[in-house]
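# Notes for the structure review
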Amino acid sequence: MIGKSVLISTALTWDELEKRTRTGNMSTPQSELRAQFIQGALEAGALKFGQFTLKSGRISPYFFNAGLLCTAPLLSSLASSYASLIASEFTHDSQPTFDVLFGPAYKGIPLAAATSLTLLQHNISTSFAYNRKESKSHGEGGTLVGASLEGKRVLVLDDVITAGTAVREALDAVKLAGGVVVGVVVALDREEVAPGGTGSTMKDVEAEIKKRAGEWETGKAPVVGEPKVRAAVRMRDLVSWLEDQGRTEDVQKMKAYRDQYGVKDITKIIQRQNEIPMPIYAAGWLARHGKIYVIGSPCSRELEINRPEVSEDYMQR
C-alpha cells in the first residue's frame, strides 16, 4: 500500500509552465485579479516595460513602482489580490493562520490597512500594525504603531522582494516586539536569482522565516502549517499577459532577461492525496486520476490543473 502522498518529479521548462498557467489556471478568481491588477498598474505607470537599470545594476525590461498605486481603484485592486491570496494560502479549517498583518514602512503601511479591510469580504477579521523609520521619543514612543505583536503570529505585506533587506528588517522588528513572522505576501515576484547569489531571494527569505518559526517558543500561539512567501503577481504572469496582448517584442525581451537572471529550479510535481492499491502502477494511476501541481519556484503558488489528458501527456514525457 502506498502512503497518502506520492511525488513524481521531473524537469519543466518556462515555456511549458506558462502554457499550463494560461490553459489551466487563467479562469480562477486569483488569475482574473492578476490580470486586472496588471492592466491597472500599467495604465497608472506603476508597471512599465522598456529598459531600466535596477539598483543591482541589472538592465531590466520592466520596472514596478508600487508607490504609484496611489488611487482608490488601484489600491483596492491590489488589496483584493492580497486578500484572495491570503484567504487561499494562509488559512486552516477556515481560520487564519496569523493574528496580525504587518506593513513595513513606508509602502507596506497602506497595503496592510487596505488588505485588513478587504479581508472582511472573506470573513477574516484581523488587526494590523506598522513601523516607523525613526523611533518616536514622545507620546507612545517606539517605532511600532497599531496592534501589539507580543506573542502573535504575524503576516508581513510588502510591495516587492529584491535583495530581501527590507523583509529581513521586518523579521527583526517583529521578533524584537515579541512576535513571529509566519509568512510574507508581496505584490510582485520577479522570479530571479538574487544578485551575487545562486538561488531565489524569495526562497532564501522563506527559509529564514521557517528557521525563525521553528525557534518560536512553546506556550505561545502555535504556528500552523508551513511558513511561506507568496506573491500576487509573478514574472511568468507578466509574460503570459504580454503574450495575450500580442506584444511579441516585449515578450522576447522578458524571456531573454529571464534566461539570464531567472530562477532555474523549476520543478513539476504530480501528487495524489489518496491511498493507491497498486504500487507497481502508481505512476500511471496518478497520471490518469491525479492532480498536477506546477511549481515555478519554491516560493510560488501551486497551480492546480484538473485535466487527465494533460496528466497523461506529462507522464509520457
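Just so it is clear, the structure is predicted and the values come from calculations on it, not from any experiment.

## What to know about the overall build of the protein
Along the protein, the regular secondary structure elements total 10 helices and 14 strands. Scored against the burial criterion, the 317 residues of the protein give a buried share of 50%. When contacts within the protein are restricted to residue pairs at least 6 apart in sequence, those whose partners lie at least 24 apart make up 72%. Element-wise, carbon and sulfur atoms account for 51% of the exposed surface of the protein, whose accessible area totals about 15000 Å².

## Some remarks on the packing of helix 5 (residues 165–176) against helix 6 (residues 201–214)
Where helix 5 meets helix 6, the axes come as close as 11 Å, and the angle between the chain directions of the two elements is 10 degrees. When the axis of helix 5 is compared with that of helix 6, the two are roughly parallel. Crossing of helix 5 against helix 6: the hand is right-handed. In this structure, helix 5 uses Val167, Arg168, Leu171, Asp172 and Lys175 to contact helix 6, whose residues at the interface are Asp204, Val205, Glu208, Ile209 and Arg212. Classifying every residue of the contact of helix 5 with helix 6 by side-chain character gives 4 nonpolar, no polar and 6 charged.

## Describing the pattern of salt bridges
Per the stated rule, a full pass over the model turns up 17 salt bridges. Its salt-bridge partner being glutamate 191, residue arginine 236 comes within 2.5 Å of it at the nearest N-O pair. One end of the pair, arginine 236, is in helix 7 (residues 235–244); the other, glutamate 191, is in the loop between strand 10 (180–189) and helix 6, with 45 residues separating them in the sequence. Across the pair, exposure class does not vary: arginine 236 and glutamate 191 are buried alike.

## Overview of unusual backbone geometry
The omega torsion of the bond from alanine 105 to tyrosine 106 falls at 0 degrees, within 30 degrees of zero and hence cis. With phi around 70 degrees, serine 94 is a residue other than glycine that occupies positive phi space. With respect to the secondary-structure elements, serine 94 resides in the loop between strand 4 (91–92) and strand 5 (95–96).

## Observations regarding empty space enclosed by the protein
For the structure on display, the rule yields 1 cavity of 30 Å³ or more. Computed from the structure, the largest cavity encloses a volume of approximately 60 Å³. Along the walls of the largest cavity sit Phe37, Ile38, Ala41, Leu47, Phe64, Ala187, Leu188, Val233 and Leu238, which together make up its complete lining. Counting only elements with at least two residues in the lining of the largest cavity, the list comes to helix 2 (29–44) and strand 10. Per element, the largest residue contribution to the lining of the largest cavity is 3 residues, and it comes from helix 2. A class-by-class count of the residues in the lining of the largest cavity yields 9 nonpolar, no polar and no charged.

## Quick look at the nonpolar core
Among the nonpolar cores identified, the biggest contains 45 residues, and Leu69, Ile86 and Phe98 are the most heavily contacted of them. Ranked by residue count, the leading element in this core is helix 3 (residues 72–89), at 6 residues. With residues up to four places along the chain from it excluded, the contact list for leucine 69 reads Phe37, Ala41, Ala46, Phe64, Leu74, Leu75 and Leu78. Listed in part, the 20 residues of the second largest apolar core include Val100, Phe102, Val154 and Val174.

## What to know about the side chain of threonine 201
Along the chain, threonine 201 falls in helix 6. When its relative accessible area of 5% is taken as the criterion, threonine 201 is described as buried. Residue contacts for threonine 201: discarding those within four places in its chain leaves Ile161, Thr162, Ala163, Gly164, Glu192 and Ala194.

## Comments concerning the packing of aromatic side chains
Taken as a whole, this structure holds 3 aromatic pairs when the rule is applied. Note on phenylalanine 37 and phenylalanine 64: the rings are 6.1 Å apart at their centroids and 70 degrees apart in plane angle, and the pair reads as edge-to-face. Of this pair, phenylalanine 37 sits in helix 2 while phenylalanine 64 is found in strand 3 (residues 59–64), placing the two residues 27 residues apart along the sequence. Neither phenylalanine 37 nor phenylalanine 64 differs from the other in exposure class; each is buried.

Definitions and limits used
- Residues numbered from 1 in each chain as written.
- Predicted model: local features only at pLDDT ≥ 70, side-chain atom pairs only at ≥ 80, totals over all residues.
- Heavy atoms only, no water.
- Helix = DSSP H or I, 4+ residues; strand = E, 2+ residues; numbered from the N terminus.
- Buried < 20%, exposed > 50% of the residue type's maximum accessible area, 1.4 Å probe, protein only.
- Contact = heavy atoms within 4.5 Å.
- Areas by Shrake-Rupley, 256 points an atom, 1.4 Å probe, with all protein chains shown as cover.
- Axes fitted to C-alpha atoms, helices over the stretch in contact; angles between N-to-C directions.
- Parallel < 35°, antiparallel > 145°, perpendicular 65-115°, else oblique.
- Left-handed = near helix turned anticlockwise from the far one by under 90°.
- Nonpolar A, V, L, I, M, F, W, Y, C, P; charged D, E, K, R; others polar.
- Salt bridge = Lys/Arg side-chain N within 4 Å of Asp/Glu carboxyl O.
- 1 Å grid on protein atoms, 1.4 Å probe; cavity = no way out; pocket = protein on both sides within 12 Å on 5 of 7 lines; lining within 4 Å.
- Points joined across faces, edges and corners; volume = space filled by probe spheres on them.
- Core = buried A, V, L, I, M, F, W, Y, C linked by side-chain atoms within 4.5 Å.
- Phe/Tyr/Trp six-rings, centres within 6.5 Å; stacked < 30°, edge-to-face > 60°.

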